[in-house]
Amino acid sequence: MATVTFEQVRRSYPGSDRPAVAGLDLEIADGELLVLVGPSGCGKSTTLRMLAGLERNDEGRILIGDHDVTKTPPKDRDIAMVFQNYALYPHMTVADNMAFALKLAGVSKAERRDRVARAAEMLDLTAYLDRKPKALSGGQRQRVAMGRAIVRSPQVFCMDEPLSNLDAKMRVRTRTDIAALQAELGVTTVYVTHDQVEAMTLGARVAVMRDGVLQQVDSPLALYDRPANEFVAGFIGSPQMTFLPGVAAEGGVRIGGHIMAVRTTARGPVTVGVRPEDWQITDEPDGLAVTVTLVEKLGSDSYVHGVAEVDGAPRSVVVRGPARGTTAKGDHLRLEPDPARVHLFDVATGVRID
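Looking at an unreviewed UniProt entry, one finds the protein named Trehalose import ATP-binding protein SugC and attributed to Gordonia rhizosphera NBRC 16068. Regarding the protein, the UniProt comment filed under Subunit (unreviewed entry) reads as follows: "Monomer. Homodimerizes in the presence of ATP. The complex is composed of two ATP-binding proteins (SugC), two transmembrane proteins (SugA and SugB) and a solute-binding protein (LpqY)." Looking at the protein in UniProt, the text filed under Subcellular location (unreviewed entry) is "Cell inner membrane".

Shown next, in the form of structure tokens:
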């Protein structure tokens, strides 16, 4: 096991008007599971591929432990990669797929058999060792791909959206398996996903990227409660945070004709952010007026989607309501946010205002 360090790492592709990764500084602790998350094209997979040696970086250094591996060939980096498309050999059995890298490395047949047996037991694959990949489900194939990485006992696991080809139920089960397995093995793991729910449930820390730039690195709850900027606030959380234009003054923050009792030293135009669970439906006439456009009933929760007129323009609002609530499309509500849970952002930069 080892730490992983990116020092001012940059990668640009010919013909692009901006770098795929721009001056990345990031340190991943020994044994940590860090999730790289962001929208498509944000640079997260490029970052992972540079770590694995599958992409070269134009500037900066990449270290595994104390060793600078910037120019080290992929086969000599002691990294195991798990891809989203499994990348299994269809003509080989599960056992042979898992042992193939060990065979190429000259590991003895007896040791290969022992390592495969241990990994298969951990992954609940013992009964499938003699089967070919075509006889397995998607979740089982992904576990075989993970087993192939585990038997190598690498310093670092690199996982590139390994659950994207699975259905929703299997994704939940498999991400639980990955988290438990990583904790048991203690191998430093870099996990790439575009799914913020995966990121929040898997990572001890989550690194959010946008347009090749690292936006924030923190624990999942810290990202949720104290996002560094408007982008992170909107990307983390489902349904996403509601954003409304406001004006900060000494008495609070005004949204249209509604005054929120939010204490802030900011003055002038701000962007106000409120998460769905931080709105309250109120009978007070000076609450924010919202017309309901859709109610999502999810069993344990319901989400009320509505529109508020703010400064003459319609603005979308999402509120978490009671699971068995009677709110319906077309209803008119008044909303009041929890003042302690309101987020303010600079209009020009999007940076959080404390």
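Comments concerning the pattern of salt bridges
Enumeration over the complete set of coordinates arrives at 15 salt bridges. Across the pair Arg-18 and Asp-211 runs a salt bridge whose closest N-O atoms are separated by 3.6 Å. You can see Arg-18 sitting in the loop between β1 (4-11) and β2 (21-28) and its partner Asp-211 sitting in the loop between β9 (205-210) and β10 (213-218), a full 193 residues away along the chain. Relative accessible area serves as the criterion here: at 39%, Asp-211 is assigned to the partly exposed category. Each of Arg-11, Arg-49, Glu-55, Arg-56 and Asp-58 takes part in salt bridges that share partners, so that together they form one network.

Re the UniProt feature "domain: ABC transporter" (unreviewed entry) in the protein
Annotation from UniProt places "domain: ABC transporter" (unreviewed entry) at residues 4-236. End-to-end, the C-alpha atoms of residues 4-236 are 25 Å apart, and along that stretch the chain is 36% helix and 24% strand.

Some remarks on the side chain of Lys-44
As for its position among the elements, Lys-44 is in helix α1 (residues 44-52). The buried charged residue Lys-44 lacks any salt bridge partner; its closest oppositely charged side chain belongs to Glu-161, at an N-O distance of 4.3 Å. There is a polar contact of 3.0 Å between the side chain of Lys-44 and the backbone oxygen of Gly-38. Leaving out residues up to four positions away in the same chain, Lys-44 has contacts with Leu-36, Val-37, Gly-38, Pro-39, Glu-161, Val-192, Thr-193, His-194 and Met-209.

Cut-off values and rules
Residues numbered from 1 in each chain as written. Predicted model: local features only at pLDDT ≥ 70, side-chain atom pairs only at ≥ 80, totals over all residues. Heavy atoms only, no water. UniProt positions renumbered as here; feature names shortened; annotations may be inferred. Salt bridge = Lys/Arg side-chain N within 4 Å of Asp/Glu carboxyl O. Helix = DSSP H or I, 4+ residues; strand = E, 2+ residues; numbered from the N terminus. Buried < 20%, exposed > 50% of the residue type's maximum accessible area, 1.4 Å probe, protein only. Lys, Arg positive; Asp, Glu negative; His and termini not counted. Polar contact = N/O pair within 3.5 Å; in protein donor to acceptor, adjacent residues only side chain to side chain. Contact = heavy atoms within 4.5 Å.

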